[in-house]
Amino acid sequence: MPKSSLYLLLSGLFVLAVLASLSSGGRSDVGLNELFGVFNGSNSALANTVMIDIRLPRTVCAALIGICLGLSGLILQAVTRNPLASPSILGINQGAALGLVATLVFPQAAAIGVGFLSVTGAIVAGGLTFIIAGGLQGKLNSLRLILGGITVGAFAYAFARFALTLDDDVASAVLQWSAGNVGDVRWPDAQLLIGWSVLGMVITLLLSHRFNLLALGDSSAQGLGADPRVTLLIGTLLAAVLAGVCVSIAGPIAFVGIVIPHVCRYLFGLDYRVLVGAVSLTGATLMVIGDALSKWMGGPSEMPIGVVVALIGAPYFLYQTFMEKDLG
Amino acid sequence: MLFKKVGHCLVVGVISMLSLPVFSAVIEHELGSTQVPDSPQRIVVLEFSFVDALAAVNVAPVGLADDNKPERIVAAYRKIIGSDWISVGTRKTPSLELTASLKPDLIIADKKRHSAAYATLSEIAPTIVLDSLVGDYPAAVKQMSVIGNALGKEEEMEQRITEHKAKIAAYAETFKALSDGMYVQFATARASRLTLHSASSYNGSLLNAFGFSSKLNPTDGDARANFYVPTTLEQLSELNPEVLILGNYADVTIIDQWKNEALYQNLSAVKAGKVFHVDAHSWSRLRGMVAAESTAEDLSAIMKKISAKK
């Protein structure tokens, strides 16, 4: 299929998902009609506030989290040249989770800022994984990278889960948050994500040429004037920040970071300059579909989006695993 | 010589029979049936609703799970059971060692929290397991009878239940002029979550017993999610309760985030100034007759405020 029709198809799917997400929610009297009512002024004040203050920021957040997590996975897979790399497999999501749990267990820590602690947790966890994999020598060992990531992730998550044994209130806060949820996001969250996802797309686009060179091998990249260590450092930092920001807003959402780059490489080829846009569009689409489904599934309360996306992502990943002849 | 031996055996036998508890009643509970002593003296309870049951018939437990926070045993209970209990730790993970060291002759445990420890608890003392987490107010009152039997105070408990029912009915009668059919919603508020207690929950069905109504009647299955429903602002606005009773579990709650939003300000309860705060602990964690009567007092105060507004 030519790329232009692929883009068209994905964009169509994205628009449909946005419509589905915006036209459903807690109030059954606010639906598709009210969505159009926002534009032609036929709405009650209540319908408008539901659309503009509650549903729109939520859908926007879902889409932007899809972009950030997709890019984070793409960058990590590029700098490690490892198709298994993703924020959750390298322990970055769990590091961010630990940072966030710290604010739930120690309310004093919340004063530092939930976002700051999550991002710090993500960077520290990512850094540790890369050090274990031999990053300080500038040469990453694939197997050590994955094993290091699993170790760091398990270690961080063990601490986060320790909070479950604490007081009921803390435990339920941790549990609620660890499902991955965008049910209560508002415009300030969306603004933060808009900033980071735009910055993320721009920097990833700027790095995409370096990623292409890196794909040829460390020495070729070096020979062509792109120091792999610089690419690795900037890329990993950016990937950790993007994942950390998402975790601080919605909790850990798995599979987007690993599945989306794979889907896009399959659909759009290996050129990272193309993949940046493709991953952003596909990631946003998957998350908005997840958001729409999360409003329909469950009941009486909603199904957390993290659960829905995992329900879509896991079977696809399994399919990919069976179809792939050589996973590198 | 032989007589001496026989006599010795007899004496030992009589002494050991005296020191053994006399087992009489067999109590049917969530995990089967347990033979309990005739009138247990050293009781350990692992949930607050069982403290309530003991208090209802003036029995003080030797040990209880107070979450290591003695203040969680509220004044209404202390008035009856005193303050001399030994804490066996948290309700979630009570210390089995401490429990054993108290040499109890009856343990009352919760189905959700303590089923896994049932075998161990049973080795320590006869244990009955009841559901203290889900189930509604009528079920909680029924449980009182079971505990009354286990305590060997069947008649006393039945009498207390009759008194209690009369009390609640009297409250319902006084509320009637204002309350008839009014939708009152109780919810607990945490930093990032509002949880509504549905009509089938303990608090929801208690409000129902007072004559209030509820629009939150989820019916699929027996899942916990049907009793305690995490809610978004949009869902709350759809339910739109006439009176909203909030129990805060944190100093700053999600309501503080919502209160500047148009959708929240548009709620009937908010517009009419009918949002009231109660103690989350005594409404949400406690259940039983003593607790229900203290809830009734809170409601009475709320209804007075509402009638003053009219």
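Residues numbered from 1 in each chain as written. Chains lettered and ligands numbered in written order. Predicted model: local features only at pLDDT ≥ 70, side-chain atom pairs only at ≥ 80, totals over all residues. Heavy atoms only, no water.

Draft legend 1. Focus on the interface of chain B and chain A. Contacts between the two partners involve 29 residues from chain B and, on the opposite side, 26 residues from chain A. Both sides of the chain B and chain A interface together cover about 2200 Å² of buried area, and 41% of this is carbon and sulfur. The largest per-residue losses of area from chain B upon contact with chain A belong to Lys92(B), Glu234(B) and Glu238(B), which jointly make up 27% of the total buried on that side. For the pair chain B and chain A, the interface holds 2 salt bridges. With a closest N to O distance of 2.8 Å, Arg186(A) and Glu261(B) form a salt bridge. At the junction of chain B and chain A, the tally comes to 7 residue pairs in polar contact (both at pLDDT 80 or more). Where the side of chain B that touches chain A is concerned, the elements lending two or more residues are strand E10 (228-231), helix H10 (233-239), helix H11 (254-258) and helix H12 (262-265) of chain B. Top element by residues in the side of chain B that touches chain A is H10(B). It accounts for 5 residues. (Contact = heavy atoms within 4.5 Å. Buried area = accessible area lost by both parts, 1.4 Å probe. Salt bridge = Lys/Arg side-chain N within 4 Å of Asp/Glu carboxyl O. Polar contact = N/O pair within 3.5 Å; in protein donor to acceptor, adjacent residues only side chain to side chain. Helix = DSSP H or I, 4+ residues; strand = E, 2+ residues; numbered from the N terminus.)

Draft legend 2. The arrangement of the sheet that holds strand E8 (residues 184-190) of chain B in detail. All names here are of chain B. Read from one edge of the open sheet, 5 strands run E10-E9-E8-E11-E12, paired in mixed fashion. The open sheet has two edge strands with one neighbour each: E10 and strand E12 (275-278). In this sheet, adjacent strand axes meet at a mean angle of 30° when their direction is disregarded. Where strand E9 (residues 193-197) lies against E10, 4 bridges are found, and the strand directions are antiparallel. Note on E10: the bridge partner recorded for His197 is Tyr228. (Pairing = 2+ DSSP bridges. Axes fitted to C-alpha atoms, helices over the stretch in contact; angles between N-to-C directions.)

Draft legend 3. Spatial organisation of the pairing of E8(B). Residues and elements named next belong to chain B. With 7 of its 7 residues buried, E8 lies for the most part within the structure. The two faces of E8 match: Val184, Phe186, Thr188 and Arg190 on one face and Gln185, Ala187 and Ala189 on the other face are all buried. Where E8 meets strand E11 (residues 243-248), 6 bridges bridge the pair, whose relative direction is parallel. For Ala189, the partnering residue across the bridge sits in E11 and is Asn248. Alignment of E8 against E9, held across 4 bridges, turns out to be antiparallel. Residue Thr188 lies in a different strand from E9, and its bridge partner there is Thr195. Hairpin connection of E8 to E9: 2 residues between the antiparallel strands. (Buried < 20%, exposed > 50% of the residue type's maximum accessible area, 1.4 Å probe, protein only.)

Draft legend 4. Looking closely at helix H6 (residues 142-162) of chain A. Residue and element names in this part refer to chain A. In this model, H6 (21 residues) spans 30 Å end to end at C-alpha, consistent with the 30 Å of a helix rising 1.5 Å per residue. Among the residues of H6, those classed as buried are Leu145, Ile146, Gly148, Gly149, Val152, Gly153, Ala156 and Ala160. All buried residues of H6 fall inside an arc of 160° around its axis, so they share one side. Exposed side chains of H6 directed beyond 90 degrees from the buried face belong to Leu143, Phe155 and Phe162. If you follow the buried residues of H6, they end up packed against helix H3 (45-80), helix H4 (92-105), helix H5 (114-132) and helix H7 (168-178). Sitting at the head of H6, Asn141 places a side-chain oxygen 3.0 Å from the backbone nitrogen of Leu143. (Expected span 1.5 Å × (residues − 1). Arc of directions from axis to C-beta.)

Draft legend 5. Layout of unusual backbone geometry. All names here are of chain B. In the Ramachandran plot, Asn58 falls in the positive-phi region, its phi being about 60° despite a non-glycine side chain. Its place among the elements puts Asn58 in the loop between helix H2 (48-56) and strand E4 (63-64). Residue class for Asn58 comes out exposed when judged on its relative accessible area of 58%. Positioned with a positive phi, Lys103 is a non-glycine residue whose angle comes to about 45°. Locating Lys103 in the fold gives a position in the loop between helix H4 (96-101) and strand E6 (106-110). Using a relative accessible area of 62% as the deciding quantity, one classes Lys103 as exposed.

Draft legend 6. Inspection of the nonpolar core at higher detail. Ile65(A), Leu193(A), Ile253(A), Val256(A), Met287(A), Leu194(B) and Trp258(B) are the most contacted members of the largest nonpolar core, which totals 103 residues. Ranked by residue count, the leading element in this core is H3(A), at 19 residues. The residues contacting Ile253(A), other than those within four sequence positions of it, are Ile65(A), Leu69(A), Asn93(A), Gly180(A), Met287(A), Ile305(A), Gly306(A) and Val309(A). Listed in part, the 58 residues of the second largest apolar core include Leu54(B), Val184(B), Tyr202(B) and Ala296(B). (Core = buried A, V, L, I, M, F, W, Y, C linked by side-chain atoms within 4.5 Å.)

Draft legend 7. Molecular detail of the sheet that holds E4(B). All names here are of chain B. Pairing is parallel across the open sheet formed by 5 strands, whose spatial order is E5-E4-E3-E6-E7. The outermost strands of the open sheet, each flanked by one partner alone, are strand E5 (86-87) and strand E7 (127-130). Bridging between strand E3 (residues 43-45) and E4 involves 2 bridges; their strand directions are parallel. From the neighbouring strand, Val44 faces E4, where its bridge partner is Gly63.

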